Amino acid sequence: MSVDYQGNFLPAYDQAFVKNGTPRPRPNAEQTNGIISPATAPTYLVAGPGTGKTTVLTLRILKLVTCDQIPPGAILATTFTVKAAAELRSRILGWGYPLIEALLADGSLSGADRLWLESVDLNQVVTGTLDSLCEQALNQHRAPGLQPPVMIDTFLSNTVMVRQGLFPNNLHSDGDVDAWLLGLRNDAKFGWNLGAKRDLMMSLWDRLHQDQVGVGRLGSAAVPANVSTVVQTTLNDYQQFLSSRGWLDFAMLEHETLERLRAGDLDDWAKSFQVVLVDEYQDSNLLQEQIYFTLCKRSGAALTVVGDDDQSLYRFRGATVEIFTEFPKRFAKFFRQPAPAPIFLNTNYRSTSQVIQFVNDFIVRDLSYQKVRVAAKPPIAEPQPKPGLPILGIFRDTLAELADDVADFLRQVNGRGYRLPDGTVLKLGAGGQLGDCCLLASSPQEYKPTPMPTARNPDPEPEARLPGLLREALDQHNLPVFNPRGRPLADLLIVQQLGGLLLEALDPRGMVQATDTVQKRIGSDARRHFPTWRDEGRLLARSNPALKALVDGWASRNPGRSGYVWPNSVSVLELLYGIVHYLPELHDDPEGQVYLEVFTRQLTAMSLFSGFEGRVVSDPSKPDLCEASVRDLLCDWLAPIADGVVDVDEEMLGSFPSGYLPVLSIHQSKGLEFPLVLVDVGADFKSNHHAHRFKRFPKEGGASHNLEDLLRPLSGLKGTTKRSGMDRAFDDLERLYFVAFSRAQEVLVLVGLNKTRPDGGTIPNVASGWDRNEIPHGTSWPITYLD
């Protein structure tokens, strides 16, 4: 007799949580179907927002171990983010051991079952992101004598792409390449700088791997011959530089893993698994699908995939939603087995009845979008009615009015309460803080890109967006905002001060900076920002004698103490942390801590390929060496920050300070939930101007859709994308705002300008309820407007 799910597992589950003082409801019928799906069968879980997919994954793993007696080490579970992997592992261990303890107290179990349960070590369940697991496989299962690969992060890969790819091939200043890259962006010139060019080149590089095309076949794509030659050379130089050092970026890591899986070189690793579970499968790409398929084919492991096509947001990172929606067909074709039927998880435990109904109404109103959803998908349901507040709307004529009124709304909600038109008082619950609210927007940027200078306006000022004006308005109420991605780093005063102090200490009077060698190795933005940085650094140093003494001591390479001699080589980290001591914002303020991390991570990145390893040489007998050490720091540490080549990475934002209002892109909010969610549905749109149609009512595809159209004819995904770029852009907006609206647990507030108001706005806008046939469904939405 083995442990029975109904007879033993569920009673033990009840007992485990009651004993811990945290009783949990038993899994519902649809969750149970996912948990007890046969251990050897492929399982296809379509899980809507708030339906408990992590619970199902956790209990399925525990059921596989306790009931099916699959060794924990034979179970592999991958997630989309490091944070999600940590959460899954925490639940496996936190729920699993009390469950096993409760099972061992069950007198009906056989002696063999007891021996099995006593031997179980849940720590052996393999969890992580796909990239972390690929790295582990390549490290632990390599041929004798083969050096382990070294994984590099985005800071280093971005720096290498610029230093070893763009600059040597003059791609950053090639007019023909510029025109082609701009064409991928539909000639959108706002924000067109070195960082934007780097982004597109990295996207192309990643997509060539993700779609399994290869750099060498780019010449077969619809790319002008002269452009194709330069672009291929740039990408090859990037790859050769990484390969010469034994480095792999994320695309190369996954490609190498697939090649070695196919060759059988990783069979020892692959054949150790009996079950593979994949979370967030809707954001997978062809390369990742082939890794999972090949791993299961080599090992015979059963594959479970979990996801939701309505929450697929990462097309711009290569995600191919059809890999999820067509999973049964693709699985059947690859494995020559019957296609698995979908198991729908559609009971939402997160949100109130009003939020659930609103989200359901939103996602079904566009008939064209229904064609690309998983077939027969049921609406989101609720386990029992959970009445809450109505959907709210704050819309004003001007952006300034909107920011002031949203700030006042948050002030009252965070204080004595906001009285709604029906008399209900909306107030954060006991122990609630401003961090229980959030603002979601298509972009967290607080200002629009600065316009190009003209003769009539040689020094244009950037125009504030809602996140920027809201920060100012909340500051009047002493309510702080957490939005470290709100402005380009180079424009932030604290970054200018830190960067300027570093420049003055490393290169006083800018002697090295002025050399032709440096000028050719930095971008135009760095050339423009460095003088401003120096001015701000000098200004701050003059106000603090101790800080000025530190900078002057470094500038003259003089320790300033009798009997001490300046070392021939010293780590610039000593300078960085010496300065930071005098800049409390960088260690006391949550946003400042993020900015400091950008400096430290970029220094670590450049130290890996600079011969000086982030050190300053000060040997009077070797002046050329001294200058070269400073030159590397200027070009490969500070210039990438000034040029926008490196920026705040989403992975750096693992948690949010509780007393601050988080301002997030909708992409950042994936997997999160908040009691009160404000969604910016139309604060950017003052008119029906074509420049911002891509954000609300597209007439064509964007860069990611154009890359798909460029490469898909050459890939194994040929024929997968049957919709126009415009339709795919509409589909992406449907998914984007479905995710935004479904983050709310209790209160959902739509905000924007009156011209985008759902009940009568004149600007076509998906987020306000318009479908692609220009029918405004928002007029019937039950929204209480706070006028």
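Position numbers for residues count from 1 along each chain, tracking the sequence in the order it is written. Local features in this predicted model are restricted to residues whose pLDDT is 70 or higher, and side-chain atom pairs enter the listing and the counts only when it is 80 or higher, whereas totals over whole chains, interfaces and linings include all residues. Hydrogen atoms and water are omitted, and side-chain values are computed over all heavy atoms in the structure.

Asker: Could you clarify how one ought to interpret the overall build of the chain in this entry?
Answerer: A run of H or I in DSSP becomes a helix once it reaches four residues, and a run of E becomes a strand once it reaches two; helices and strands are each numbered from the N terminus. Counting its regular elements, the chain contains 29 helices and 19 strands. Note on method: radius of gyration uses C-alpha positions; expected globular size equals 2.2 Å times residues raised to 0.38. Against the globule reference of 28 Å for 787 residues, the chain gives a C-alpha radius of gyration of 28 Å, in line with a compact fold. With the C-alpha coordinates aligned to their principal axes, the bounding extent of the chain is approximately 80 × 70 × 60 Å. Throughout, exposure labels follow a simple rule: accessible area from a 1.4 Å probe, protein chains only, divided by the maximum for the residue type, with under 20% read as buried, over 50% as exposed, and the rest as partly exposed. Within the chain, the fraction of its 787 residues that count as buried is 58%. Relative to all contacts within the chain whose residues are 6 or more apart in sequence, the contacts with residues 24 or more apart total 79%. Carbon and sulfur atoms form 51% of the exposed surface of the chain, whose accessible area is close to 31,800 Å². A contact between two residues is defined here by any heavy atoms of the two lying within 4.5 Å. Working definition of accessibility: Shrake-Rupley area with a 1.4 Å probe, residue cover restricted to the visible protein chains.

Asker: Could you clarify how one ought to interpret the sheet that holds strand β3 (residues 126-129) in this entry?
Answerer: In any sheet, the strands associate via hydrogen bonds between backbone groups, in a parallel or an antiparallel arrangement. A pair of strands is treated as paired once DSSP finds two or more bridges between them. Spatially, β3-β2-β6-β7-β1-β8 is the arrangement adopted by the 6 strands of the open sheet, whose pairing is parallel. The sheet is open, and its two borders are formed by β3 and β8 (342-345), each paired with just one other strand. Across the sheet, the axes of successive neighbouring strands diverge by a mean angle of 15°, strand direction being ignored. For strand β1 (residues 43-47) and strand β7 (residues 302-307), the ladder comprises 4 bridges, and the chain directions are parallel. Following the sheet pairing, Thr43 is matched in β7 by Thr304. Helix axes use the C-alpha atoms of the stretch in contact, all axes being lines fitted to C-alpha atoms, and the angles between their N-to-C directions lie in the range 0 to 180 degrees. Sitting on the sheet, helix α13 (residues 286-299) touches β2 (75-79), β6 (275-278) and β7, and the angle it makes with β6 is about 165°.

Asker: Got a minute to help me understand the domain arrangement of the chain in this structure?
Answerer: Accessible area lost upon the coming together of the parts is a frequently used measure of interface size. An automatic or database domain assignment is the source of the domain bounds shown. The domains assigned to the chain are domain 1 (5-140 + 255-349), domain 2 (153-248), domain 3 (364-371 + 385-448 + 462-485 + 653-785) and domain 4 (490-553 + 573-613 + 622-647). For domain 1 versus domain 3, the separation of C-alpha centres amounts to 33 Å. In this assembly, 20 residues from domain 1 lie in contact with 23 residues from domain 3. Reported buried area values correspond to the accessible surface (1.4 Å probe) lost by two parts on association, with both partners' losses combined. For the domain 1 face of the interface with domain 3, the top three residues by lost area are Asp310, Leu313 and Arg315, together amounting to 37%. Salt bridges are identified by distance alone: a Lys or Arg side-chain nitrogen within 4 Å of an Asp or Glu carboxyl oxygen. The tally of links from domain 1 across to domain 3 stands at 3 salt bridges. A salt bridge links Arg315 to Glu708; its shortest N-O distance comes to 2.9 Å. N or O atoms closer than or at 3.5 Å make up a polar contact, with two conditions inside protein: a donor-capable atom paired with an acceptor-capable one, and, for residues adjacent in sequence, both atoms drawn from side chains. At the junction of domain 1 with domain 3, the criterion picks out 9 residue pairs in polar contact (both at pLDDT 80 or more).

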